[in-house]
Amino acid sequence: MWSSCLKTNSTTSSAKSPDASAESRGGALRRMNGFVGRMKAGLHVEWRETRAIPGQLIRGEFRRAGEQVADLGRMGFLAVLWVLPGGAVISGVAVKLFRRIRPSAFRET
């Protein structure tokens, strides 16, 4: 009785053909690579700006150094929020609703 309900047909698939399945995977992979590339570039910018803080303080550029320290605080806040249970959803919503929570390297200009 139950065995007939549990059997699956190996010919049924959500994709119409193997080519369509490969194309959809290629598009998703392209989008994911683009996202990873943007994140990598943003993190690289943040890293360079963070390494420049001591030099900015020595040269007396306190405003720029302060902005970068604020960016570090934002990134720390988002990291702590991410670690909490359900934090991935909460941090995503917070970034979407409050644009100023994003570090400067990740803001759209």
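Predicted model only: the values in this text are computed from it and were never measured.

## Observations concerning the confidence of the model for the chain
Step number 1: Summarising the model, the chain shows a mean pLDDT of 80, and 77% of its residues fall at 70 or more.
Step number 2: Across the chain, helix H3 (residues 53–59) holds the top mean pLDDT of 92, while helix H1 (residues 2–6) sits lowest at 50.

## Observations concerning the pattern of salt bridges
For side chains of opposite charge, pairing can occur when their charged atoms come near one another.
Step number 1: Counted under the stated rule, the structure contains three salt bridges.
Step number 2: The residue Glu 61 makes a salt bridge to Arg 59 at a minimum N-O spacing of 3.5 Å.
Step number 3: Salt bridges sharing partners connect three or more residues here, namely Arg 59, Glu 61 and Arg 64.

## Some remarks on the nonpolar core
Step number 1: In this structure, Leu 78, Leu 81, Ala 94, Val 95 and Ile 101 together form the largest nonpolar core, which totals five residues.
Step number 2: Apart from the residues lying within four places of it in its own chain, the contact partners of Leu 81 are Gly 87, Ile 90, Ser 91 and Ala 94.

## Regarding the packing of helix H4 (residues 62–83) against helix H5 (residues 87–97)
Step number 1: Closest axis-to-axis distance for the H4/H5 pair is 6 Å, and the angle between their directions is 145 degrees. As for the relative orientation of H4 and H5, their crossing is right-handed in sense. Facing Leu 78, Leu 81 and Trp 82 of H4, the residues of H5 in contact are Gly 87, Ala 88, Ile 90, Ser 91, Ala 94 and Val 95.
Step number 2: Among the residues making up the contact of H4 with H5, the classes are represented as seven nonpolar, two polar and no charged.

## A closer look at the environment of Ala 79
Step number 1: The topology assignment puts Ala 79 in helix H4.
Step number 2: C-alpha of Ala 79 to C-alpha of Ser 91: the two residues are twelve residues apart in sequence and 8.6 Å apart in space.

Parameters at a glance
- Residues numbered from 1 in each chain as written.
- Predicted model: local features only at pLDDT ≥ 70, side-chain atom pairs only at ≥ 80, totals over all residues.
- Heavy atoms only, no water.
- pLDDT = per-residue confidence, 0-100.
- Helix = DSSP H or I, 4+ residues; strand = E, 2+ residues; numbered from the N terminus.
- Salt bridge = Lys/Arg side-chain N within 4 Å of Asp/Glu carboxyl O.
- Core = buried A, V, L, I, M, F, W, Y, C linked by side-chain atoms within 4.5 Å.
- Buried < 20%, exposed > 50% of the residue type's maximum accessible area, 1.4 Å probe, protein only.
- Contact = heavy atoms within 4.5 Å.
- Axes fitted to C-alpha atoms, helices over the stretch in contact; angles between N-to-C directions.
- Left-handed = near helix turned anticlockwise from the far one by under 90°.
- Nonpolar A, V, L, I, M, F, W, Y, C, P; charged D, E, K, R; others polar.

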